[in-house]
Amino acid sequence: MSKNLVIVESPAKAKTIEKFLGNDYQVLSSFGHIRDLVEKGLGIDFENNYQPQYEISPDKKKVVSELTKQAKNADMVWLASDEDREGEAIAWHLFETLKLDRTKTKRIVFHEITKDAILKAIENPRGINIDLVDAQQARRVLDRIVGFELSPVLWRKVRPSLSAGRVQSVAVRLIVEREREINHFTPEVSYKVSAIFEGKDANGATVELKAELQQRFATKDEAKAFLEQCITAGFSVSDIVTKPLKKSPAPPFTTSTLQQEASRKLGYSVSQTMRVAQSLYESGKITYMRTDSVNLSDLALNTSKAEIISMAGEEYFFRRKFTTKTKGAQEAHEAIRPTYMNQHSIEGTAQEKRLYDLIWKRTIASQMADAKLEKTTVHIHVSDSKYEFLSTGEVIVFDGFLKVYMESTDDEHEADGEATLPLMKKGEKLTAQEIGAREVFSQRPPRYNEASLVRKLEELGIGRPSTYAPTISTIQNRSYVEKADRPAEKRKYNMLKLKDGKLSDQTLTENTGAEKSKLFPTDIGVVVNDFLTEHFPDILNYNFTANVEKEFDRIAEGDIKWTKSIDSFYNEFHPMVEDAIKNSERQVGERILGVDPATGRQLAVKIGRFGPVAQIGVAEDEDKPVFASLRRDQSIESITLEEALDLFKLPRQIGEYEGKEMTVAIGRFGPYIRHDSSFYSLPKGDDPMKVTAERGIEIIEAKRIEGKKRIIQTLGENSEIQVLNGRFGPYIVYEKANYKIPKSLDPATLTKEKCMELIEAQSGDKKKKKTKKK
C-alpha cells in the first residue's frame, strides 16, 4: 500500500505525474469537480448568510467512494489540482467531502508537469488558500442567483425554456449591438486614384512604379476632372525619403491571446483550442493553459537563449521580460510556453502538433531581436496640380524574430506587405502608363468571430481565462448566437481609366461582404437581449460586469468577505426581478412591416412558438391571423415587407413526379419538398421561391439514393428489423429503439436470430440501468 496519495483532476494528468514519483506515491484522479450546488432548487441558504448547499454529483459517487477508501489507508494526502481558483475550489471540495485530516493533508501547485516542478512542489507544500476558494464560491453563487431568478422571468415574458446568465448575456449584447451597427451602416463613397508609371532607375534600366494619389475625391466629377488634367500633365520624382523601421515581437501567449491566434492562424474554435491545450498540459508538453500572465521563468529565458543562438546565431537573441498589463491577473504566474524549449516538435495528434508549434514559435520569437526594415517613399509630382502620387515600399534589412514568427491580426482589410521599390533618382521624368479612379466604399464594422469576441471581453474586463471558452459555447448552445458563413454579394462600382490619352468610364461588379465563421445573433437572442437590457440595465452593463470581476479579485486577495459582496449584489438585484415580473409586458420582438395588399390587414414579424414567423392580421380581426415561418437566412430585424409577402406564396406546387404532386414549403426546420407523404429538405443555397420541377426531382432522387445506402439490410417477415449505417457505425433498429453491433460482426451477414440475440442482451442491460437510476 502506498504511503502517499496524490489527487489530481484528470486521468491524463495522473498518468503523467505518476511517471515522476516513486512507488511510495499513488496518483488518482477526481475527474474534475466531485460536487456542486444541488440541482433541485436554488441551492443557496439565504437565511444562513448565502451558504451554498452542495451535493456529490451522481456520476462521481463511485469516484468519491474509491478516493475516501484510499485516503484512509494513506499516511499523507497531497491535493494537486490546478493552481487557479477553480483548482483551489476542487482541492477544498475534496478536503471537505473526503473528510480529510488537516495534519495528514497537503496542498501542492505547479504550472508545468515536469519532474523538477513536481518534486519542487512536494518539497514546498502549503495549505488550501480559502480566499481563492471563496472567490470561486462567490462566482458560482452569484451566477446561480442570476440564472435562477432571471430565467423564470424570461419563461413568463418571452418564451418557455429560455435561460440567462451574467457573463453570457453581456456577450450576447455585444453581438446584438454590433449586428445593429452593421444593419444601420450606410457606406460613404469616394474615388481612389492609383497609377502605373514607367521610368529609368538609377542604373538607367526601364522600370515600372506603382503609386497612389494621397487625396481621395468625394465625387465622380472631381475624379474625372483630375484625370482629364493628367492627359496633358507631366510627372517626375520630386523627393525620395528613406526611413529605418523596426518591428518588435509579441509577448508569449496568455489564454486569450492563444485563443485569438489559434483562431486566426489555425482556424480553431475557442473551445477546441482549450481542449487541445489541456491535453498538451496534462501530457507535460506545455505549462498551465489558463493564465493572464506574460511572464517567463528564468529557466525558460535561459533555455530560449540557448535555442536561439544554436538555431540562428548570437545576433538574433534579445532577452525580454514582459509584464502583465491585465488588471486582476489571476494566480498562474507564467505565460503559456513549452515545458522544454529544446523540444521543437512533439508526437501527438495533428491538432496537438499544430498548436504546440504555434506556442513554441511564439515563445522563441518573444526572446529574439527586433526586425530591422527600411521604408522608402517616392513622391511623384504632377505638373500644374496641387496633388502628388506616393509610392511606398519596404525592405527587410535584418529579419530578427520574423525568421520564426509573425503575429496575425483581426483586421479583415489589412493590406499585404509592401513591395520593394526600384532604386530611383530625384528629378527623374516618368510616363503614366495607366491612371485609374476607382469608386470605393467605406467598410462596415466587422462582425465578431470567436477570437475577436474574446479580445473584446478581455478589453472590457469581462470574464477571466477560465470563462471565455464556456461563455462562447453557452451562447451558441442556447441558440442566442450562431456561428455561420455568409456568401459574398455582388456590388456595382464605377471605374474611370486614363490610358493612351483616352478616358474611359465603366461600371464593373465586385464581390463583397463574404463572412467566414462569424457570430450572428438569432432572433430569439435579440428579443432576450432587448428584454434584459430594458428591465435589467445594470446586469447588462459592461462596467457592472467588469466591476463584479474586480470584486472577485478582491475576495481572492482577502480584502473583502464573499458573503458581503453577494449580499450587496442581491439587495439591488432581487427588487429588479420582482419589478420586471409585475410591470413588464410579454415581449415577442414584434415588428410591423406594413399592410398585406391582398387583404388590407397588418403584416408583422415576431417570435412564435417554434421560432420567428410572419403574421397577417391580428387576434382582434374577424378572420384568424395567417402565419408563415421565416427562412433560416432571414431575421426579424432586417426582413422587408416584400420578402415577408413572398413567404405567404408558400406552399407552392412545382409540378408532378411519378403521378404525385411536388409541393415546396417552409417548416420548423427550414424549406422542404413534400412528395407522396415524404419530406425532402432543400439543400443550402436552394431558394424555395425559385425551385423548379426538374430541381425538385433531382433532390428527391438524391435523397432516395442516400437512404438506400443507409439501409444495409431488413430482416423479419414484416421487415421489423433494420440494419442501418449510422454516423458512428452500423446499428440495429427494432421497435423504435437502437442497438449496437459489435465490431467483430459483419452487419451485412447478420441473421434475424443473431439480431434478436443482440437486442435481448442489450435490452437487459438497459433495464438494469433504468432500475439503478431509480
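Keep in mind the model is a prediction, meaning the values are calculated, not measured. (Residues numbered from 1 in each chain as written. Predicted model: local features only at pLDDT ≥ 70, side-chain atom pairs only at ≥ 80, totals over all residues. Heavy atoms only, no water.)

## Quick word on the overall build of the protein
For the protein, the count of helices and strands is 19 helices and 30 strands. Its C-alpha atoms put the protein at 95 × 80 × 65 Å along the principal axes. Counting the 774 residues in the protein, one finds 47% classified as buried. Contacts in the protein between residues far apart in sequence, at least 24 positions, make up 69% of those at least 6 positions apart. Carbon and sulfur atoms make up 48% of the accessible area of the protein, which totals about 40700 Å². Looking at the protein, you have 119 positive and 118 negative side-chain charges, and the mean spots of the two groups are 4 Å apart. (Helix = DSSP H or I, 4+ residues; strand = E, 2+ residues; numbered from the N terminus. Buried < 20%, exposed > 50% of the residue type's maximum accessible area, 1.4 Å probe, protein only. Contact = heavy atoms within 4.5 Å. Areas by Shrake-Rupley, 256 points an atom, 1.4 Å probe, with all protein chains shown as cover. Lys, Arg positive; Asp, Glu negative; His and termini not counted. Charge placed at Lys NZ, Arg CZ, Asp CG, Glu CD.)

## So, the pattern of salt bridges
Following the criterion strictly, the structure yields 46 salt bridges and no others. Here Glu-181 makes a salt bridge to Arg-178, at a shortest N to O gap of 3.6 Å. Of this pair, Glu-181 and Arg-178 are both found in helix α6 (residues 166–183), 3 residues apart, which corresponds to roughly one turn of the helix. Taking relative accessible area as the criterion, Glu-181 reaches 41% and is therefore assigned partly exposed. Between Asp-646 and Lys-649 there is a salt bridge whose closest N-O contact spans 2.8 Å. Counted as one network, the salt bridges with shared partners bring together Glu-9, Lys-13, Asp-82, Asp-84 and Arg-290. (Salt bridge = Lys/Arg side-chain N within 4 Å of Asp/Glu carboxyl O.)

## Focus on empty space enclosed by the protein
According to the stated counting rule, one finds 2 cavities of 30 Å³ or more in the structure shown. Of the volumes computed, that of the largest cavity is approximately 50 Å³. The wall of the largest cavity is formed by Gln-168, Ser-169, Val-172, Tyr-480, Val-528, Asn-529, Leu-532 and Leu-540. Of all the secondary-structure elements, those providing two or more residues to the lining of the largest cavity are α6 and α14 (523–535). Per-class residue counts for the lining of the largest cavity are 5 nonpolar, 3 polar and no charged. (1 Å grid on protein atoms, 1.4 Å probe; cavity = no way out; pocket = protein on both sides within 12 Å on 5 of 7 lines; lining within 4 Å. Points joined across faces, edges and corners; volume = space filled by probe spheres on them. Nonpolar A, V, L, I, M, F, W, Y, C, P; charged D, E, K, R; others polar.)

## Focus on the pairing of strand β13 (residues 388–398)
Here 2 bridges tie strand β10 (residues 206–213) to β13, and the two strands are oriented antiparallel to one another. Paired with Leu-213 across the two strands is Phe-389, which belongs to β13. Relative to β13, strand β12 (residues 371–382) runs antiparallel, the two being bridged by 10 bridges. Looking at the pairing, Lys-372 lines up with Phe-398 of β13. Here β12 folds back onto β13, and the loop between the two strands holds 5 residues, one of which, Asp-384, carries a positive phi near 55°. (Pairing = 2+ DSSP bridges.)

## Observations regarding the layout of surface pockets
Within this model, the second largest pocket holds a volume of roughly 840 Å³. Taken together, 28 residues form the lining of the second largest pocket, with Arg-139, Arg-140, Asp-143, Arg-144 and Gln-168 sitting closest to its centre. Split into classes, the residues belonging to the lining of the second largest pocket amount to 7 nonpolar, 12 polar and 9 charged.

## Some words on the packing of α6 against helix α12 (residues 450–459)
Remark: α6 packs on α12, axes separated minimally by 11 Å, with the N-to-C direction vectors making an angle of 115°. Crossing hand, α6 versus α12: right-handed. Between α6, through Ala-171, Leu-174 and Ile-175, and α12, the contact on the second element is made entirely by Leu-453, Lys-456 and Leu-457. (Axes fitted to C-alpha atoms, helices over the stretch in contact; angles between N-to-C directions. Left-handed = near helix turned anticlockwise from the far one by under 90°.)

## Digging into the pairing of strand β11 (residues 235–247)
The pairing of β11 with β12 spans 12 bridges and is classified as antiparallel. Paired with Lys-243 across the two strands is Lys-375, which belongs to β12. Here β11 pairs with strand β14 (residues 429–441) via 2 bridges, running antiparallel. Paired with Ser-236 across the bridge in β14 is Lys-429.

## Observations concerning the sheet that holds strand β8 (residues 105–107)
Spatially, the 4 strands line up as an open sheet ordered β2-β1-β7-β8, and their pairing is parallel. With partners counted over all chains shown, the strands left at the sheet margins are β2 (25–29) and β8, one partner each. Neighbour-to-neighbour, the strand axes of this sheet turn through a mean angle of 25°, independent of strand direction. Inspection of the sheet shows strand β7 (residues 76–79) paired to β8 by 3 bridges, in the parallel sense. Paired with Val-77 across the strands is Thr-105, a residue of β8. Contacting β1 (4–8) and β2, helix α1 (residues 11–18) crosses the sheet at an angle of about 165° to β2. Relative to the sheet, helix α2 (residues 61–73) contacts β1, β2 and β7, its axis offset from that of β2 by approximately 165°.

## Side note on unusual backbone geometry
Trans is the prevailing form of peptide bonds, just as negative phi is the prevailing case for residues other than glycine. Here the bond from Leu-650 into Pro-651 is cis, since omega is 0°, no more than 30 degrees from zero. A positive phi is found at Lys-99, a non-glycine position, where the angle reads about 55°. With a phi close to 55°, Ser-719 is a non-glycine residue in the positive phi region. You can see Ser-719 is positioned in the loop between β27 (711–715) and β28 (721–726).

## Considering the packing of helix α8 (residues 255–266) against helix α9 (residues 270–282)
The contact between α8 and α9 brings their axes to 9 Å, and the two run at 115°. Between α8 and α9 lies a crossing whose hand is right-handed. Mapping the contact onto sequence places Thr-255, Leu-258, Gln-259 and Ala-262 in α8 and Val-270, Thr-273, Met-274 and Ala-277 in α9. Here the residues of the contact of α8 with α9 are counted per class, giving 5 nonpolar, 3 polar and no charged.

## Brief notes about the nonpolar core
One finds Phe-110, Leu-355 and Phe-536 to be the most contacted residues of the largest nonpolar core, which totals 136 residues. Tallying contributions element by element places helix α5 (residues 130–157) first for this core, with 10 residues. With residues up to four places along the chain from it excluded, the contact list for Phe-536 reads Leu-150, Phe-531, Phe-573, Met-576, Val-577 and Ala-580. Core analysis: the second largest hydrophobic core is formed by 27 residues, Tyr-191, Leu-213, Phe-389 and Ala-437 among them. (Core = buried A, V, L, I, M, F, W, Y, C linked by side-chain atoms within 4.5 Å.)

## Comments concerning the sheet that holds strand β24 (residues 660–667)
Pairing is antiparallel across the open sheet formed by 4 strands, whose spatial order is β23-β24-β25-β26. Edge positions in the sheet fall to β23 (652–657) and β26 (678–681), since each has one partner strand and no second. Ignoring which end each strand starts from, the neighbouring axes of this sheet average 30° apart. Relative to β26, strand β25 (residues 670–675) is paired through 4 bridges, and the arrangement is antiparallel. Following the sheet pairing, His-675 is matched in β26 by Ser-678. Its contacts with the sheet put helix α18 (residues 693–710) on β23, β24, β25 and β26, and the angle it makes with β23 is roughly 65°.

## Details of helix α13 (residues 468–477)
Structurally, the α-helix is built with 3.6 residues per turn, so residues lying three or four positions apart point the same way. Regarding α13, the residues found buried are Tyr-468, Ala-469, Thr-471, Ile-472 and Ile-475. Projected down its long axis, α13 shows its buried positions confined to an angular sector of 165°, all on one face. Its buried side turned inward, α13 meets α6, α8, α9, α12 and β15 (481–486). At the C-terminal side of α13, Ser-479 shows a positive phi close to 65°. (Arc of directions from axis to C-beta.)

## Regarding the environment of Leu-154
Relative to the assigned elements, Leu-154 resides in helix α5. The sequence separation of Leu-154 and Met-406 amounts to 252 residues, and the corresponding C-alpha distance is 46 Å.

## What to know about the confidence of the model for the protein
Any segment with low pLDDT has predicted coordinates that should not be analysed in fine detail. Residues of the protein with pLDDT of at least 70 account for 96%, and the chain-wide mean is 89. Here helix α19 (residues 752–773) stands out as the element of the protein with the lowest mean pLDDT, 73, in contrast to helix α11 (residues 350–366), whose mean of 96 is the highest. Every residue in residues 770–774 is under pLDDT 50, and counting partners more than four places away or in other chains gives 0 contacts. (pLDDT = per-residue confidence, 0-100.)

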